[in-house]
Amino acid sequence: MPSTPTYAYVIIGAGSAGCVLAHRLSEDPSVRVVLLEAGGRDRHPLFHMPAGFARMTKGIASWGWSTVPQKHLGGRVLRYTQAKVLGGGSSINAQIYTRGNAGDYDAWVSEAGCPGWGYADVLPYFKRAEDNQRFINAYHDYGGPLGVSVPINPLPISEAFLRAAQEYGIPYNPDFNGEKQDGIGHYQVTVRNARRSSAATAYLRPAMGRKNLTVLPVSAVTRIVIEKGRATGVELAGQGGSLSRIQADREVILSAGAIGSPRLLQLSGIGPADHLRSVGVEVAHDLSGVGSNLQDHLDLYVICECTGDHTYDGYTRLDRTIWAGVQYLAFGRGPVASTLFETGGFWYADKSARSPDIQFHLGLGSGIEAGVARLKNAGVTLNTAFLRPRSRGSVRLASADPAAAPLIDPNYWADPYDRAVALDGLRMGREIMRQKALQPFILAERLPGPAVTSEEDLTRFAHETCKTDHHPTGTCKMGTDAMAVVAPDLKLRGIEALRVCDASIMPLLVSSNTNAPTIMIGEKGADIIRGRAPLPAVSNLHQREVA
Ligand SMILES: Cc1cc2nc3c(=O)[nH]c(=O)nc-3n(C[C@H](O)[C@H](O)[C@H](O)COP(=O)(O)OP(=O)(O)OC[C@H]3O[C@@H](n4cnc5c(N)ncnc54)[C@H](O)[C@@H]3O)c2cc1C
């Protein structure tokens, strides 16, 4: 009988966090690491061209999931893109590099009970990850794996947007990841030498040659094997329904993302017992927080028609596409080198908020993302998202079949405060687009359209057009309360040799995009696993609670 392949660490999911873990853990040549990924390689050139993002929410490299009907959005079902490719979200995202607010991490300590995860604790990991092409100071560094740069050829309309926001009253900020998050400015982007810097290209590729690291494409991990309260390995689906196993002699590390991780835990019998029984999954460990506490940012948006070809909408014409290709290949510049969302910022809808509660992303076109309206002539889109939603949703199983899509319920706007602040954010966005500095570029607002002004009409517009900002988190939250899934050392409560390390462990959603924070979690998680980041004695506390 062939023996089961055995590794020290079995990492499930080669996404933003999984690639970091694979790189860092395999730095020790005496340790054998396997990284299992259900998605394919990132071979297609579109993954590496910054503007390739325009194709990424339209079905490429995605699991193809949707939400359940959203009760508080008029019953709408929203497309819910989650990456299925080497590099995970970092290979298909809009490449915006933001870290959130210092207060977010301090709240992880003070509100969520996660000592060791305050801003001062996590900042060194952001810096260790980074190869920043411009900023070197107390907040930034260079020489790390992840390329971070500023947009290389901002369009005149982007500069006009920055002036318009300042006219509206939002100050210019050259670095949202520095001393202050507040303000309007250029985003830093995970781009190096005009190519996307994903976790796969930045972390995995340089480690691929290591003899002790195996990167294994799989159809899917279908179960984590639990024996006598310990994770001993994983089960993989093979051809024709066959199953095979991989053994972990140190740990199984789950990095399948904020939807994939709670999904796989529940398929493995770890989760709320009642729910598991209701879908016919045998309960291995009753843990009610698994799949609960889902938090996500919801985008509303304004789309305006331009007075001329001020954005990249015209580049769907063949002659222009060819010219853009030539510019990119010959000079590494032009439309293909643009991430399409290059400017934006953070400001206040609720003036009493502790830090900015609205994020803006200016999209250099219309219809950039799936489901968003595309204008006939050139358009420009301003996304506005409320950053600290109070609503909580869930990820549950539709059935015990590992191939079935999960029931994703972000439960957007369950808390009326989220709706009120989000609509104020949209109103701010509309005002910015009406400022004098943008008038030479903007013909008219097309969506929501000038006639939409009342609270009722705006709400209806939002219900019909809103979309995910792709930031699910919290479904395996870290903490010490009854709903915590992992302790601050990322160990799953009540099962040995199993950790979760990805966006799902954030107890509270950060006030920004989530890729850089997830890469930070991978970096810090690797140090915790290697015993290099001693945490305050929470694991003892957690053991007491579980016992
Ligand atoms: C369209 C889109 C745009 C975004 N834009 C931005 C942005 O501009 N800036 C930003 O900061 N953030 C952005 N984000 C969010 C950010 O990319 C994610 O928060 C981050 O990538 C999450 O990392 P992760 O490691 O938690 O999970 P992921 O990166 O999603 O990785 C999980 C991996 O696990 C694999 N997997 C799942 N289940 C299994 C299984 N059973 N077996 C084997 N493999 C499995 C998946 O295929 C996937 O590759 C965006 C996300 C999306 C989807």
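To be clear, the structure that these remarks concern was listed above.
Rules used throughout
Residues numbered from 1 in each chain as written. Predicted model: local features only at pLDDT ≥ 70, side-chain atom pairs only at ≥ 80, totals over all residues. Heavy atoms only, no water. Core = buried A, V, L, I, M, F, W, Y, C linked by side-chain atoms within 4.5 Å. Buried < 20%, exposed > 50% of the residue type's maximum accessible area, 1.4 Å probe, protein only. Helix = DSSP H or I, 4+ residues; strand = E, 2+ residues; numbered from the N terminus. Near = heavy atom within 4 Å. Polar contact = N/O pair within 3.5 Å; in protein donor to acceptor, adjacent residues only side chain to side chain. Nonpolar A, V, L, I, M, F, W, Y, C, P; charged D, E, K, R; others polar. Patch = residues over 30% accessible without salt bridge, like charges linked within 9 Å, V, L, I, M, F, W, Y side chains within 5 Å. Areas by Shrake-Rupley, 256 points an atom, 1.4 Å probe, with all protein chains shown as cover. Salt bridge = Lys/Arg side-chain N within 4 Å of Asp/Glu carboxyl O. Phe/Tyr/Trp six-rings, centres within 6.5 Å; stacked < 30°, edge-to-face > 60°. Lys NZ or Arg CZ within 6 Å of the ring centre and 35° of its normal. Pairing = 2+ DSSP bridges. Axes fitted to C-alpha atoms, helices over the stretch in contact; angles between N-to-C directions. Parallel < 35°, antiparallel > 145°, perpendicular 65-115°, else oblique. Contact = heavy atoms within 4.5 Å.

Asks: In this structure, what is going on with the nonpolar core? I would like to understand it.
Replies: Generally speaking, soluble globular proteins have nonpolar side chains that are buried together. Membership of the largest hydrophobic core comes to 79 residues, with the highest contact counts inside it found for Trp117, Ile224 and Leu265. Broken down by element, this core gets its largest block of residues, seven residues, from helix H13 (residues 515–529). By size, the runner-up hydrophobic cluster in this structure holds 70 residues, among which are Ala51, Phe53, Ala160 and Ala164.

Asks: Hey, could you run me through the site of the ligand in this one?
Replies: In the neighbourhood of the ligand, 35 residues make up the surrounding shell, with Ser16, Glu37, Gly89, Thr514 and Asn515 lying closest. Between an oxygen atom of the ligand and a main-chain N or O atom of glycine 89, the distance comes to 2.8 Å. Between the ligand and asparagine 515, the relevant distance is 2.7 Å, taken from an oxygen atom to a main-chain nitrogen or oxygen of the residue. Every element with two or more residues in the shell around the ligand is listed here: helix H1 (16–25), strand S2 (33–37), helix H3 (89–92) and H13. When residues of the shell around the ligand are assigned to their parent elements, the largest contribution, three residues, is made by H3. Grouping the constituent residues of the shell around the ligand by class yields 14 nonpolar, 18 polar and three charged.

Asks: Explain unusual backbone geometry to me, please; I cannot follow it from the model alone.
Replies: Keep in mind that most residues, glycine aside, have a negative phi and that most peptide bonds are trans. A cis amide bond, omega 0°, links leucine 447 with the succeeding residue proline 448. Mapped onto the secondary structure, proline 448 falls in the loop between strand S24 (442–447) and helix H12 (455–465). Although it is not a glycine, glutamine 95 adopts a positive phi angle of roughly 70°. Counting through the fold element by element, glutamine 95 comes out in the loop between H3 and strand S5 (96–97). With a phi close to 75°, leucine 340 is a non-glycine residue in the positive phi region. Positionally, leucine 340 belongs in the loop between helix H10 (318–331) and strand S19 (341–347). For leucine 340, a relative accessible area of 6% gives the class buried.

Asks: Is there a simple way to explain a nonpolar patch on the surface in this structure?
Replies: There is a patch of nonpolar side chains on the surface, built from Leu318, Ile322, Trp323 and Val326 and spanning about 440 Å² of accessible area. Mapped onto the elements of the fold, tryptophan 323 is located in helix H10. Classification of tryptophan 323 as partly exposed rests on a relative accessible area of 48%.

Asks: When you look at the packing of aromatic side chains in this model, what are you seeing that I'm missing?
Replies: Between two aromatic rings, the relevant description is the distance of the centres plus the angle of the planes. Per the stated rule, a full pass over the model turns up 11 aromatic pairs. Measuring from ring centre to ring centre gives 5.0 Å for tryptophan 63 and tryptophan 65, while their planes differ by 25°; the resulting arrangement is stacked. Their ring planes at 75° and their centres at 5.8 Å tell us that phenylalanine 386 and tyrosine 417 sit as a pair that is edge-to-face. Here the residue phenylalanine 386 occupies a position in strand S21 (residues 379–386), and tyrosine 417 occupies one in helix H11 (residues 416–433), the gap between them amounting to 31 residues. Judged by its relative accessible area of 6%, phenylalanine 386 falls in the buried class. An aromatic cluster of three or more residues is present, and its members are Tyr105, Trp108, Trp117, Tyr119 and Phe126. The ring of tyrosine 315 has arginine 320 sitting right over it, with the charged end atom 5.7 Å from the ring centre. Seen from the ring of tyrosine 417, arginine 390 lies directly overhead, with NZ or CZ sitting 3.5 Å from the centre.

Asks: Before we go on, may I ask you to explain the pairing of strand S13 (residues 221–227) in this structure?
Replies: Counting buried positions along S13 gives five out of seven residues, so the element sits mostly inside the fold. As paired strands, S13 and strand S14 (residues 230–237) are joined by six bridges and run antiparallel to one another. Pairing of valine 221 across the sheet is with leucine 236, part of S14. From the end of S13 to the start of S14, which pair antiparallel, there are two residues, and lysine 228 there has a positive phi angle of about 50°.

Asks: I would appreciate a short explanation of the packing of H11 against H12 in the present structure.
Replies: When two helices pack together, their arrangement is given by the angle between the helix axes and by the axis-to-axis distance. For the pair H11 and H12, interaxial distance at closest approach is 11 Å and the crossing angle is 95°. Put simply, H11 runs roughly perpendicular to H12. Every residue of H12 that contacts H11 at Arg419, Leu423, Leu426, Arg427 and Arg430 is listed here: Glu455, Leu458, Thr459, Phe461 and Ala462. By residue class, the composition of the contact of H11 with H12 is five nonpolar, one polar and four charged.

Asks: Just to check I follow, could you spell out the environment of aspartate 286 for this structure?
Replies: Here aspartate 286 lies in strand S17 (residues 285–286). Discounting residues that sit within four places of it in the chain, aspartate 286 has contacts with Gly271, Pro272 and Ala273. A polar contact is formed between the side chain of aspartate 286 and the backbone nitrogen of alanine 273, at a distance of 3.1 Å.

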